[in-house]
Amino acid sequence: MLATRRNTRITGYVAVGVAVFTLALGGCGGSGGSKGGDTGSGSAPTSSATLTAAEVDQVGTVVTDSKGHVLYRFDEDSAKPTKVTCYGNCAKLWPAATTTDAKNVTVKGVDKKLVSTVERSDGTTQITLAGRPLYRYAKDDEAKEAHGQGVDGTWFAATPTGAKAQDSGSSSNGY
């Protein structure tokens with residue numbers, strides 16, 4: 001009887017351990033809302049950047065980068081104070097919009113007073129709009145694609161004022 005009780009206890013510990021391990025792995029995958037462990041930003045900083053207000057199908061007028069790619073904001077970040085939370089695997093799917101010099105960020109159709117930067121934990125400088133860090137979505141292959149709109153209910157294209165873009169149908173997986 002003692003051996004049975006001991007085996008049951010050990011089996012219980014193993015089951016709990018497996019469950020914790022599975023939950024930990026689950027946070028690393030998915031469609032992009034996870035925050036990973038390393039601090040890589042997923043993108044190389046550029047010396048200058050341009051934020052442009054552009055009309056994009058399904059989401060309206062949003063901010064794009066110098067290559068015309070839609071820029072997004074993440075609800076888990078904060079604006080006041082500015083706080084970046086997307087690192088590791090998250091930053092691989094949602095690379096930070098970066099620059100090496102905050103003074104070299106130019107704007108077209110975006111109020112320059114709303115544009116700033118924040119230093120990421122890896123030392124790169126991420127562009128912010130109305131205090132919110134900006135990101136690209138790795139699955140947006142072409143300019144003016146907004147496949148990241150509404151992903152996980154936390155990622156939204158940024159409007160020229162830094163607000164969330166509204167669309168006709170949010171997605172849970174980016175497509």
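Residues numbered from 1 in each chain as written. Predicted model: local features only at pLDDT ≥ 70, side-chain atom pairs only at ≥ 80, totals over all residues. Heavy atoms only, no water.

Our focus in this paragraph is the pairing of strand 2 (residues 60-64). Taking burial as the measure, the five residues of strand 2 include four buried ones, the bulk of the element. Pairing of strand 1 (residues 49-56) with strand 2 involves five bridges; the strand directions are antiparallel. Looking across to strand 2, one finds that Val56 is bridged to Gly60. If you look at the hairpin formed by strand 1 and strand 2, you'll find three residues sitting between the two strands, and Gln58 has a positive phi there, around 75°. (Buried < 20%, exposed > 50% of the residue type's maximum accessible area, 1.4 Å probe, protein only. Helix = DSSP H or I, 4+ residues; strand = E, 2+ residues; numbered from the N terminus. Pairing = 2+ DSSP bridges.)

For the protein chain, the average pLDDT comes to 79, and 67% of its residues sit at 70 or higher. pLDDT under 50 marks residues 6-42. Its contacts with residues more than four places away, or in other chains, come to 49 contacts. (pLDDT = per-residue confidence, 0-100. Contact = heavy atoms within 4.5 Å.)

Here we come to the environment of Lys67. Take Lys67: it is sitting in the loop between strand 2 and strand 3 (72-74). The class for Lys67 is exposed, based on a relative accessible area of 65%. Through-space distance from the C-alpha of Lys67 to that of Leu51 is 9.6 Å; in sequence the pair is 16 residues apart.

Of all hydrophobic cores here, the largest spans 22 residues; its most connected members are Val62, Val70, Tyr72, Cys86, Trp94, Tyr135 and Trp155. Those elements that provide at least two residues to this core are strand 3, helix 2 (89-93) and strand 11 (155-157). With twelve residues, the next largest nonpolar core counts Ala49, Leu51, Val63 and Leu134 among its residues. (Core = buried A, V, L, I, M, F, W, Y, C linked by side-chain atoms within 4.5 Å.)

In this structure the tally under the stated criterion is three salt bridges. We note a salt bridge from Asp75 to Arg73, for which the minimum N-O separation is 3.8 Å. Close ionic contact of Asp75 with Lys164 constitutes a salt bridge, the shortest N to O distance being 3.0 Å. Here Asp75 is found in the loop between strand 3 and strand 4 (78-79), whereas its partner Lys164 is found in the segment after strand 11, with 89 residues between them in sequence. Relative accessible area serves as the criterion here: at 27%, Asp75 is assigned to the partly exposed category. (Salt bridge = Lys/Arg side-chain N within 4 Å of Asp/Glu carboxyl O.)

A word on the packing of aromatic side chains. Remark: the centre distance and the inter-plane angle together describe each pair of aromatic rings, the angle taken between the planes. By the definition in use, this model includes six aromatic pairs. Ring centres 5.4 Å apart and planes at 80° place the aromatic pair Tyr72 and Trp94 in the edge-to-face group. Taken together, the positions of Tyr72 in strand 3 and Trp94 in the loop between helix 2 and strand 6 (98-99) put the pair 22 residues apart, joining distant regions of the chain. Comparing Tyr72 with Trp94, the two get one shared label, buried. Ring geometry for Tyr135 versus Trp155: centroids 5.1 Å apart, planes at 85°, classification edge-to-face. Separated by 20 residues along the polypeptide, Tyr135 in the loop between strand 10 (132-133) and strand 11 and Trp155 in strand 11 bring together distant segments of the chain. (Phe/Tyr/Trp six-rings, centres within 6.5 Å; stacked < 30°, edge-to-face > 60°.)

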